[in-house]
Amino acid sequence: MREIAVRATLICVIGFIITGCENSFTPFAEKRVEILSINGFLDADVDTQFVRVAIIRNEIEQVASLNDSLSVELRDLNTAAVTAMTDSLVSLGDGERAHLFFTDIPILGDRDYRITATGPGGGTSAQQTTVPGRIAFARNTATNGQGTGQYVQTLTFANLPLRPESVDVVYTVLRNGTGDAIRVVIPYRDLMVQVPTISGYQLTVRLEQDRITVLSVLGLPIENGTTVLQNVSLEYALLSDEWRIPRNPNRLDFFASAASYVEEWTLPESVLDDMGYATP
Amino acid sequence: MKGFHQRSLGFSYRFGKVCIRFGIRLFPRAPITSPRLTSSKSIQSLLVRCVAILVLSIVHFTVIQPADAQFATVRGLIVDASDEQPIHGANVALRSEDGQLTGTSSQAGGLYVLSRIMPGTYSITISFVGYISHVDTITVDFAQQLTVNASLEFDEAQMGDVVVESERRETQQRSIAGFVTIRPNDLERVPQPGLSADLVSYLNASPGFQTAGDRGGQIFVRGGTPIQNLFLLDGMRVYQPVHIVGLYSAFPSEIISYSDIYAGGYGARYGGRLAGVIDVTTRNGNKKRPAGSVTVAPFLGAARVEFPLVKDKVSVVASGRESLIRDVAPNLIDESLPFRFGDRFVKMHAFLNQTSHMSVTALKTFDEGDLAGNSQISRNIRWSNEAYGGRFHYLAPTLPVLAQITISISRFDIERLVDQEVVQNSKSSGFEGQFNFAYLLGDSEIHFGIFGHSSRFSYGLTTSTLDDREEFITQGGAFIDGIARMKRLELNPGFRFHSFPSRGQLFMEPRLRMRYRPASMPDYSFSAAWGIFHQQIVALSDDRTVSDVFSAWSPSPQQRPVPRSAHYIAGFGGKPLPWFDFSVEGFMLQAKHLIIPQLGEPLTLSTQFIPVRSDSKGIDFKAVVSRSRYFATSTYSVSRVEYTSATQTFNPPQDRRHQFYFSLGSSFRDFKFAFQWQYGSGLPYTPIRGFINQIEVTERSYDFVDDDGSRAIVYAESFSERQPAFHRMDVTAEKAFRLWQSELTVQLGALNIYNRSNIFDYDYFSLTRINQLPFIPSLGIRLRTL
């Protein structure tokens, strides 16, 4: 018994000495390969897409090499079309340089895109995004409603999981019934109400209340009855899921997409008359 | 808990397919309600019933016992004759003329009660190790309430053997399923350069406890996190008592009377924490004459003074410690150790009469240090504790009931600073009241009480959000805790009704502790503990640093269940030789509903939190050799801690697999030599992948062409690597000189004698390693009155 205890103690002590002699510490993960970082987003509303690609550095102050030869390709997963993005090296304010890749291919909604960057050492990084598509919404008839005596119109967005980035109701009007059309934009995003039963949102457009805003923008008194309302439209912008929290915790990549859409409609003449708009 | 009988003052527990129900039905049977009482009215109602049952218990045990009317009760107060310090744990033995023996031990505050004594003549012996026993003959009559107080004189003849005797007592008090009582003598046997023995040094050498090293101020118990431990000083909550130099805490041996230490499996009188309990009772001060001590060493200077305010009745003890290492280190070791810490303690104690006494205590601590190593940008951390409280002990004149009332307020502030600017802060404060009663039945005891606690937490995790988040919580409830000592078996069952009114939840927490001494092996014992625990407070800390000292205290998120743990501890120990003692203890701590920040995310107010389950298991070994000239202690722990989230399993930063400790002390004439060696295998940390210029994309109009971004670290998988092992050896040699009524002790020592570079932290921005304490020679001098 005593011998076993002595031997066990000796084995433990020797083990501790062996492991205890090891004192090196590296802050870097053991399996280090060339790691590329992709930052950017596809915007369906602009002509040129930009994506910044960098090789992560070993030191905080290290500057990226000018000789790094990177390549980036953008693949439309729905059509399998591949576009090689063009490289440009930009200098940043702190002396750091970055590879900025761009392309002018049109980005379309409801499409899946995959971007792949390849470094000089063979390291690759790939990200994927689905460009948001047009969302369907139901629009009821404008009613002199809800006991307020003021016209409203309800828009229903079923199966819309996240609130759009922006939602504006736009009134296109002619001052005094003549001249150029004037657009008056009224933000409505914060007035969208989440409705769990439809897994989406509802929006009540306050047509008559908005008329006061429109006249105010035009510099006209409320009594004015010569303004013509050509149409009402809904302009909304959608962001892909990658914009949502939680973001990539490793702060390495960000690749997302965005798109905007417009829906237009007109109001019946009787409603326009009731509200005080003129008929062209 | 699967069901609660609202009208029956009982409860049921379900273990798989087995359901155990028990309780007292006071009202007609009612259907079992939901597992949790979700309305505050129900909780209030239940609390009222808890209190009612306690009152009924008191009445039952103390009044409605006509058969007891013929019995007598012997009670009293046991103090140290030199300074009137109450002695806790002294043995009281009553032997009848026909040789029958009954006994008890003194409770906290030195009070004892022997009840149900038949009329007759007895020999009473009151003893405690190191003191001359008080022996007397008493005669008690029917229903007499006899008071026998004892002032025990220090036994000079035992002086040389005190160390050994002390060890014998420790053997008797061997860790019982994670529990041990520590006294100042035990602390002073842990070699500590600087002549300032401290409870935290003892804990470092104890199985079940670990620290990240000698910096940082955090202590872990059996896989739990620092916030999961309850630290009490005279019943006052101390949030973070360990100093930034982890060799010291708010508990120096100079102020400690004794400490009850639970490495898990603690009894029903404690609650609100998932891991361990350290309950420190301080000295009351000398009521006979002024006394004190002064210590100076490179690490710190300390002074203690105590004196009678009213002789034999009221005393004051005050202690202050202040670190010196920041000023001394550049000259001593040519290295900067930018740490400042200290503590202030004062206590007034008064005997009100022979059966009651009270105390008022105040404590302040402060810590500050730069953890940035050689980096040009300082990264300071600073924190402070404050606690103020009062305690009242009362021995009922006609009943064998001890009452203890504690009221306290506590506060804890912590800040992280970068380049002298506060970037994160956390403030916690609370008010607490506890009424405890002990009904003493000779060898057996019933403890019960009620408690209430109200806390406020505010914190901010970025410069612009300091103090932004503010939350309040309340806790309350009752407990009952019994100790039944039989010939071979000691059972300590208990229940705690712990409610969180701010969450509208109440939990039943059963606890059980036991010890069994087989008849065939009287020198050996088996022990076990089991219990269920809940804790509403969580710590928010950053997992991305090698060693993070900052934690913001916060209630667990409202929509999440209250974190819960279950402890299972089983041990065996014995004394195969008169000078050799050993113990082996296995444990399993399982916790669920713990909340941690999303791995890899920076710690901000918008950080996502994820629930994790914790599984901790291991075995602790301890061996003690006590000879007349030397003593040695060795402990070894092997354990594994694992966290499981919805998506992954990982080992958290407190997962130390192996921990070994060895100390050897020897005395030769008037010299004492000691050394200790500590070893801890490497702790997990999160490595990095490299650096990039991070672009914070916050809106769609972001311009990728011109933005510089900010320099940022790319982290690899959380806790996927391990630090190198920690080990350190300290040595001391000291000699004491008698000077009139005082003792002058001179100590030569060295910390980290072979100058091991133990890693503490790593500054990723400057790629600089920050090590723990280097080799530090020490010359300490202490002068204290005898």
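From a predicted model like this one, the values you see are computed outputs, not experimental measurements. (Residues numbered from 1 in each chain as written. Chains lettered and ligands numbered in written order. Predicted model: local features only at pLDDT ≥ 70, side-chain atom pairs only at ≥ 80, totals over all residues. Heavy atoms only, no water.)

1. Let's talk about the overall build of chain B
Our working rule: Only DSSP runs of H or I reaching four residues or more are called helices, and only runs of E reaching two or more are called strands; each is numbered from the N terminus. Each residue gets one of three labels from its accessible area relative to the maximum for its type: buried under 20%, exposed over 50%, partly exposed in between, using a 1.4 Å probe on protein chains only.
In terms of regular secondary structure, chain B is built from five helices and 49 strands. Counting only residues that meet the buried cut, chain B has 60% of its 786 residues in that class.

2. Side note on the overall build of chain A
What counts here: Every residue pair with non-hydrogen atoms within 4.5 Å of one another is taken to be in contact.
A count of helical and extended segments in chain A gives three helices and 17 strands. Within the span of chain A, comprising 280 residues, buried residues form 42% of the whole. Considering only contacts in chain A between residues 6 or more positions apart, those separated by 24 or more positions represent 64%.

3. What to know about a nonpolar patch on the surface
Residue and element names in this part refer to chain B. Put simply, the rule reads: Patches draw on residues past 30% relative accessible area with no salt bridge. Two like charges within 9 Å are joined, as are two nonpolar side chains (Val, Leu, Ile, Met, Phe, Trp, Tyr) within 5 Å. A 1.4 Å probe and the Shrake-Rupley method give the accessible areas. Residues count as covered only by the protein chains that appear here. A carboxyl oxygen of Asp or Glu within 4 Å of a side-chain nitrogen of Lys or Arg is what we treat as a salt bridge.
Together, Leu-309, Val-310, Met-348, Leu-352, Met-358 and Val-360 line one region of the surface with nonpolar side chains, adding up to about 470 Å² of accessible area. Among the elements of the structure, strand S20 (300-310), strand S22 (339-353) and strand S23 (356-370) are those that each provide at least two residues to the nonpolar patch. Here Met-348 is to be found in strand S22.

4. Some points on the nonpolar core
In plain terms, the rule: Put simply, a nonpolar core is a bunch of buried Ala, Val, Leu, Ile, Met, Phe, Trp, Tyr and Cys residues held in one set by side-chain atoms that sit within 4.5 Å of each other. Delimitation of the domains relies on an automatic or database domain assignment.
Formed by 52 residues in total, the largest nonpolar core has its most connected members in Phe-157, Tyr-171, Leu-234 and Leu-267 of chain A. With five residues, the single largest contributor to this core is strand S16 (residues 228-239) of chain A. Two domains each put at least three residues into this core: domain 1 (36-130) and domain 2 (138-238 + 260-275) of chain A. If you look at the next biggest cluster of nonpolar residues, it comprises 41 residues, including Ile-244, Ile-333, Phe-341 and Ala-552 of chain B.

5. Quick word on the environment of Gly-271 of chain B
Residue and element names in this part refer to chain B. Inspection of the secondary structure puts Gly-271 in the loop between strand S17 (256-262) and strand S18 (277-282). By relative accessible area, which is 7% here, Gly-271 ends up buried. Sequence spacing of Gly-271 and Arg-496 is 225 residues, and the spatial spacing of their C-alpha atoms is 7.8 Å. Sequence-distant contacts of Gly-271, that is, excluding residues within four places in its chain, are made with Leu-230, Tyr-266, Arg-496, His-498 and Arg-511.

6. Observations regarding the packing of aromatic side chains
Residues and elements named next belong to chain B. This is how it is decided: Put simply, two rings from Phe, Tyr or Trp (the six-membered ring, in Trp's case) pair if the centres are within 6.5 Å, and we call them stacked under 30 degrees between planes, edge-to-face over 60, tilted for the rest. Only when the NZ atom of a Lys or the CZ atom of an Arg is both within 6 Å of the ring centre and within 35 degrees of the ring normal do we say a charge sits over the ring.
Following the criterion strictly, the structure yields 36 aromatic pairs over all chains and no others. Arranged with centres 5.8 Å apart and planes meeting at 65°, the rings of Phe-412 and Trp-553 form a pair that is edge-to-face. Taken together, the residues span a long stretch of sequence, with Phe-412 in strand S25 (residues 401-418) and Trp-553 in strand S33 (residues 552-555) at a distance of 141 residues. There is no split in this pair, since Phe-412 and Trp-553 are both buried. Members of the aromatic cluster, each reached through a chain of ring pairs, are Tyr-524, Phe-526, Phe-572, Trp-579, Phe-580 and Phe-582. Sitting over the ring of Phe-631, Arg-189 keeps its end group 3.9 Å from the ring centre. The positively charged end of Arg-496 is found above the aromatic ring belonging to Phe-451, 3.9 Å away from the centroid.

7. Side note on the sheet that holds strand S16 (residues 236-237) of chain B
Residue and element names in this part refer to chain B. This is how it is decided: The criterion for strand pairing is that DSSP finds at least two bridges linking the strands in question.
Reading across from one edge, S12-S17-S18-S15-S16 is the order of the five strands in this open sheet, with mixed pairing throughout. Both edges of this open sheet fall to strand S12 (179-182) and S16, since each of them pairs with a single strand only. Looking at chain direction, S12 and S17 are connected through four bridges and run antiparallel. Its bridge partner being in S17, Val-180 is matched across the sheet by Ile-261.

8. Describing the sheet that holds strand S8 (residues 124-130) of chain A
All names here are of chain A. Filter applied, for reference: Note on definitions: angles span 0 to 180 degrees between N-to-C directions of axes, and those axes are lines fitted to C-alpha atoms, for helices only across the stretch in contact.
Sheet architecture is open: four strands sit in the order S4-S3-S7-S8, paired in antiparallel fashion. Pairing within the sheet leaves two strands with one partner each, and these edge strands are strand S4 (81-84) and S8. Each adjacent strand pair in this sheet contributes to an overall mean axis angle of 20°, direction not counted. Two elements, strand S3 (residues 71-76) and strand S7 (residues 112-118), share six bridges in a ladder whose sense is antiparallel. Residue pairing for S7: Ser-71 is matched across the bridge by Thr-118.

9. Notes on the pairing of strand S47 (residues 759-763) of chain B
Residues and elements named next belong to chain B. With five of five residues buried, S47 lies mostly within the body of the structure. Alignment of S47 against strand S48 (residues 768-771), held across four bridges, turns out to be antiparallel. Within S48, the residue paired with Tyr-762 across the bridge is Arg-769. The antiparallel hairpin formed by S47 and S48 contains four residues in its connecting segment, where Leu-767 sits at a positive phi of about 50°.

10. Some remarks on the side chain of Ser-565 of chain B
Residue and element names in this part refer to chain B. Inclusion rule: In protein, a polar contact requires one atom able to donate a hydrogen and another able to accept it; more generally it is a pair of N or O atoms within 3.5 Å, and residues adjacent in sequence count only if both atoms are side-chain atoms.
Residue position: Ser-565 is located in strand S34 (residues 564-577). By relative accessible area, which is 2% here, Ser-565 ends up buried. Within polar-contact distance, the side chain of Ser-565 engages the side chain of His-567 at 3.4 Å.

11. Comments concerning the side chain of Arg-728 of chain B
Residues and elements named next belong to chain B. With respect to the helices and strands, Arg-728 occurs in strand S45 (residues 726-739). On the accessibility criterion, Arg-728 (3% relative accessible area) is buried. Engagement of the side chain of Arg-728 in a polar contact is seen with the side chain of Asp-730, the distance being 2.7 Å. Here Arg-728 is in contact with Asp-214, Leu-247, Gln-676, Trp-677, Gln-678, Leu-751, Asn-752, Tyr-754 and Asn-758, once residues within four sequence places are set aside.

12. A short note on helix H2 (residues 207-218) of chain A
All names here are of chain A. Rule in force here: By definition here, a helix of n residues has an expected span of 1.5 Å times n minus one. What the arc describes is the spread of directions from the helix axis to the C-beta atoms.
The end-to-end C-alpha distance of H2, which contains 12 residues, comes to 16 Å, matching closely the 16 Å that a straight helix rising 1.5 Å per residue would cover. Buried residues of H2: Leu-207, Glu-208, Asp-210, Arg-211, Val-214, Leu-215 and Leu-218, and no others. Seen along its axis, H2 keeps its buried residues to an arc of 145°; they face one direction. Among the exposed residues of H2, those oriented more than 90 degrees off its buried face are Ser-216 and Val-217. Those residues of H2 that are buried are in contact with strand S11 (150-157), strand S12 (166-174), strand S13 (181-187), strand S15 (200-205) and helix H3 (269-275).

13. Quick word on the environment of Pro-576 of chain B
All names here are of chain B. Mapped onto the secondary structure, Pro-576 falls in strand S34. Residue classification places Pro-576 among the partly exposed positions, given a relative accessible area of 38%. Residues Pro-576 and Asp-523 lie 53 residues apart in sequence; the distance between their C-alpha atoms is 7.2 Å. Those residues in contact with Pro-576 that sit more than four places away from it in its chain are Tyr-524 and Phe-582.

14. Structural notes on the pattern of salt bridges
For side chains of opposite charge, pairing can occur when their charged atoms come near one another. Residues and elements named next belong to chain B. A complete count under the given rule lists 33 salt bridges over all chains for this structure. Ionic pairing is found between Glu-254 and Arg-784, a salt bridge with its closest N-O pair at 3.7 Å. Separated by 530 residues along the polypeptide, Glu-254 in the loop between S16 and S17 and Arg-784 in strand S49 (residues 776-785) bring together distant segments of the chain. What makes Glu-254 buried here is its relative accessible area of 17%. Classification of Arg-784 by relative accessible area gives buried; the value is 18%. Of the charged contacts, one joins Arg-613 and Asp-615 as a salt bridge, the two residues approaching to 3.6 Å between their closest N and O atoms.

15. What about the environment of Leu-332 of chain B?
Residues and elements named next belong to chain B. Residue position: Leu-332 is located in helix H5 (residues 325-332). Classification of Leu-332 as partly exposed rests on a relative accessible area of 36%. Separated by 34 residues in sequence, Leu-332 and Pro-298 place their C-alpha atoms 8.5 Å apart. In contact with Leu-332, not counting residues within four places along its chain, are Pro-298, Ile-776 and Pro-777.

16. Points about the confidence of the model for chain B
All names here are of chain B. Stated formally: Confidence of the predictor in every single residue is expressed as pLDDT, which spans 0 to 100.
For chain B, per-residue confidence averages 82 on the pLDDT scale, and 87% of positions sit at 70 or higher. Confidence drops under a pLDDT of 50 for residues 1-40, and excluding neighbours within four residues, the segment shows 74 contacts in the predicted structure. Scored below 50 in pLDDT, residues 159-173 shows 30 contacts in the model against residues more than four places distant or in partner chains.

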